[in-house]
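Structural overview for review
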Amino acid sequence: MGRVLPFVTAALLSVVVLFTPESGVPSSPPGTDKVVHAVLFTLLAFTGLYAKIPRILLALVVYAGVSEVLQQVITPLHRSGDVVDALVDVLGIGLGWAIAAAVRSRRRGPRTTR
């Protein structure tokens, strides 16, 4: 359970961030939403890999697309789906994977060559 809790926390945070009605989203400088998307999906990917969830990266790519579609079709949210947001989400997934790979290689220690 200890490895899964950070992912569950990140997943719950993502639901709040991605599905808060537009009226509850604070105003911010242009581009801030892209940074939020990238950081959120980086966190999801990193914690999902840490939890060793099978096929997590594929699941997150699907979640990125589905979340944008849902933002568009759930009319009470008054939000719009954005293809660029989904692409930034995928970029965040890649960044989370890269960070997890770097952490894994550091834990193994330096490689010795002969």
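Before any of the text, the structure's been laid out above.
For the structure given in this document, a descriptive report is provided here. This is a predicted model, so every value here is computed, not measured.

A short note on the side chain of serine 14
Within the fold, serine 14 resides in helix H1 (residues 5-19). In this structure the side chain of serine 14 is engaged in a polar contact, spanning 2.7 Å, whose partner is the backbone oxygen of alanine 11. Beyond its immediate stretch of four places on either side in the chain, serine 14 contacts Phe19, Leu40, Leu44 and Tyr63.

Remarks on the side chain of threonine 47
As for its placement among the helices and strands, threonine 47 is situated in helix H2 (residues 32-50). Reaching out from threonine 47, the side chain makes a polar contact with the backbone oxygen of leucine 44 at a distance of 3.3 Å. With near-sequence residues (within four places) excluded, threonine 47 lies in contact with Arg3, Pro6, Phe7 and Ala10.

Observations concerning the environment of glutamate 68
The topology assignment puts glutamate 68 in helix H3 (residues 56-73). For glutamate 68, a relative accessible area of 4% translates into the label buried. Taking C-alpha positions, glutamate 68 is 4.3 Å from glycine 81, a pair spaced 13 residues apart along the chain. Ignoring sequence-local partners within four residues, the contact set of glutamate 68 consists of His37, Ser80, Gly81, Asp82, Asp85, Ala86 and Asp89.

Reading the values: the criteria
- Here, residues in each chain are numbered from 1, in the same order as that chain's written sequence.
- Reporting in this predicted model follows two pLDDT cut-offs: at least 70 for local features of residues, and 80 or more for side-chain atom pairs to be given and counted; totals over whole chains, interfaces and linings ignore these cut-offs and use all residues.
- Side-chain measures were taken over the full set of non-hydrogen atoms in the model, leaving aside hydrogen atoms and water.
- Strands here mean DSSP runs of E at least two residues long; helices mean DSSP runs of H or I at least four residues long; both are numbered from the N terminus.
- Contacts described as polar in this section are N or O atom pairs within 3.5 Å, which, within protein, must combine one atom able to donate a hydrogen with one able to accept it, while residues neighboring in sequence count only if both atoms come from side chains.
- Should any heavy atoms of two residues lie within 4.5 Å, those residues are counted as being in contact.
- Relative accessible area decides the class of each residue, using a 1.4 Å probe on protein chains only: under 20% of the type maximum gives buried, over 50% gives exposed, and in between gives partly exposed.

None of the figures reported here should be taken as evidence of function without further support.
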